[in-house]
Amino acid sequence: HPARLLTGYMGLTMVNPLTIVAFLAVTTSTRVEFTAVTLAVFALAVFVVSLLWHAGLVGGGAALGRVLSPSAQRITAVVGGLAIAALGIHSLVA
């Protein structure tokens, strides 16, 4: 269902730390007085961009999945997992 898909993307957007930090940075670093309407438009824009980004990631992953061999898929999964682990360790140590 499209509604369930959009709800999932909205959830991803709301819990994505980078989205939250970007939202806070923009809204707190400017001297513009935000109204309820401008905040709603900004939040909608963040949601749409996040939706497009995640859809692009899913589409790109699906396209790669069709052309990569099973062994290449395993290699990319291991490399991706190691990269995420390294970033996590780095953020804990830094």
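Numbering of residues starts from 1 in each chain and follows the order in which that chain's sequence is written. Note on the predicted model: pLDDT of at least 70 is required for a residue's local features to be given, and 80 or more for side-chain atom pairs to be given and counted; whole-chain, interface and lining totals, by contrast, use all residues. The side-chain quantities take in all heavy atoms of the structure and omit both hydrogens and water.

Side note on the environment of V48
Runs of H or I in DSSP of at least four residues are treated as helices and runs of E of at least two as strands, each being numbered from the N terminus. Residue placement: V48 occurs in helix α3 (residues 36–67). Between the C-alpha atoms of V48 and Y9, which are 39 residues apart in sequence, the distance is 9.3 Å.

Points about the confidence of the model for the protein
Each residue carries a pLDDT score, the predictor's confidence in it, ranging from 0 to 100. This prediction gives the protein a mean pLDDT of 84; 98% of its residues lie at or above 70. Across the protein, helix α4 (residues 70–93) holds the top mean pLDDT of 94, while helix α1 (residues 2–15) sits lowest at 73.

Things to note about the packing of helix α2 (residues 17–29) against α3
To get an axis, fit a line to the C-alpha atoms, keeping to the stretch in contact for a helix; angles then go from 0 to 180 degrees between the N-to-C directions. Taken N-terminus to C-terminus, the directions of α2 and α3 make an angle of 150°; their axes are 12 Å apart at the nearest point. The angle between the axes of α2 and α3 places the two elements in the roughly antiparallel class. Here α2 and α3 pass one another in a crossing that is right-handed. Residue-level contacts link T19, F23, V26 and T27 of α2 to L39, F42, A43 and V46 of α3. Orientation is classified from the angle alone, with under 35 degrees giving roughly parallel, over 145 giving roughly antiparallel, 65 to 115 giving roughly perpendicular, and any other angle giving oblique. Should the near helix be turned anticlockwise from the far one by less than a right angle, the crossing is left-handed, and should it be turned clockwise, the crossing is right-handed. Whether two residues are in contact is decided by their heavy atoms: any pair within 4.5 Å suffices.

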